[in-house]
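Chain by chain, the residues:
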Amino acid sequence: HDNGKPATTTIDGSPITATTLTRWLCDATVSRLLVSKSGTLDYGTAVRTVPVLLWLAIAARDQGCRWPGCDRPVAWTEAHHITPFSAGGTTAIDNLALFCSCHHHKLHGNEHWTARLEPNGTLHITAPDGTERTTHPPLLRNTLWPPGEQAA
């Protein structure tokens with residue numbers, strides 16, 4: 001029975017009611033995503049291109065562009081190696097974050113922007129002038145410590 005409350009969410013965090021979910025499942029292929037904190041979503045340096053299942057796990061965590069203040073949805077993003085693959089960076093969930101094309105290119109440009117990703121998904125972006133801004137994965141925003149800390 002659909003009471004109008006979300007039964008689940010899409011990969012970008014949009015709420016889905018039970019009625020909508022039932023309608024979609026009529027002719028859909030369903031993929032299961034198991035969220036793991038064991039670090040098993042790691043292809044090391046053997047694979048440069050992000051495999052689909054790893055990309056889906058990153059998309060579930062990031063739910064869109066992680067650049068501070070950007071609201072681009074998952075469908076507009078690309079996975080970025082925080083430590084570049086060419087410098088030994090791994091194709092692993094703890095070294096990848098989603099950015100829209102504009103912000104992805106900013107990190108690859110000669111503008112001296114840098115990114116640092118913590119194991120819990122907290123992302124720090126440092127501007128050329130040294131100013132740092134932090135973003136948290138949407139699902140962590142309500143679990144920040146200490147209480148009252150504001151997500152960027």
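Only a predicted model underlies this, so the values are computations on that prediction, with no experimental measurement involved.

## Some words on the confidence of the model for the chain
So, point 1. Of the residues in the chain, 80% reach a pLDDT of 70 or more, and the chain-wide mean stands at 80.
So, point 2. No element of the chain has a lower mean pLDDT than strand β1 (residues 6-9), which averages 79, and none a higher one than strand β4 (residues 96-100), which averages 95.
So, point 3. Low pLDDT, under 50, characterises residues 142-152; the stretch is placed with 10 contacts to residues that sit more than four places away or in other chains.

## Looking at the side chain of T91
So, point 1. Turning to its location among the elements, T91 is positioned in the loop between β3 (77-81) and β4.
So, point 2. Polar side-chain contacts of T91 include one of 2.9 Å to the side chain of H81.

## A closer look at unusual backbone geometry
So, point 1. With phi around 55°, Q63 is a residue other than glycine that occupies positive phi space.
So, point 2. Mapped onto the elements of the fold, Q63 is located in the loop between α2 (52-62) and β3.

## A short note on the packing of aromatic side chains
So, point 1. Taken as a whole, this structure holds 2 aromatic pairs when the rule is applied.
So, point 2. Residues W67 and F99 carry aromatic rings whose centres are separated by 6.3 Å and whose planes lie at 70° to one another, so their mutual orientation is edge-to-face. Of this pair, W67 sits in the loop between α2 and β3 while F99 sits in strand β4, and the two are 32 residues apart along the sequence.
So, point 3. A relative accessible area of 9% places W67 in the buried class.
So, point 4. When its relative accessible area of 0% is taken as the criterion, F99 is described as buried.
So, point 5. Taken together through their ring pairs, the aromatic side chains of W67, F99 and W113 make up a single cluster.

## Some remarks on the sheet that holds strand β5 (residues 114-117)
So, point 1. One open sheet holds the 3 strands; their spatial order is β5-β6-β7, and the pairing between them is antiparallel. Every interior strand has two partners, whereas the edge strands, β5 and β7 (132-135), have only one. Adjacent strand axes in the sheet meet at a mean angle of 20° when their direction is disregarded.
So, point 2. In this sheet, β7 lies alongside strand β6 (residues 123-126) in antiparallel orientation, the contact comprising 4 bridges. Within β7, the residue paired with I125 across the bridge is R133.

What counts and what doesn't
Residues numbered from 1 in each chain as written. Predicted model: local features only at pLDDT ≥ 70, side-chain atom pairs only at ≥ 80, totals over all residues. Heavy atoms only, no water. pLDDT = per-residue confidence, 0-100. Helix = DSSP H or I, 4+ residues; strand = E, 2+ residues; numbered from the N terminus. Contact = heavy atoms within 4.5 Å. Polar contact = N/O pair within 3.5 Å; in protein donor to acceptor, adjacent residues only side chain to side chain. Phe/Tyr/Trp six-rings, centres within 6.5 Å; stacked < 30°, edge-to-face > 60°. Buried < 20%, exposed > 50% of the residue type's maximum accessible area, 1.4 Å probe, protein only. Pairing = 2+ DSSP bridges. Axes fitted to C-alpha atoms, helices over the stretch in contact; angles between N-to-C directions.

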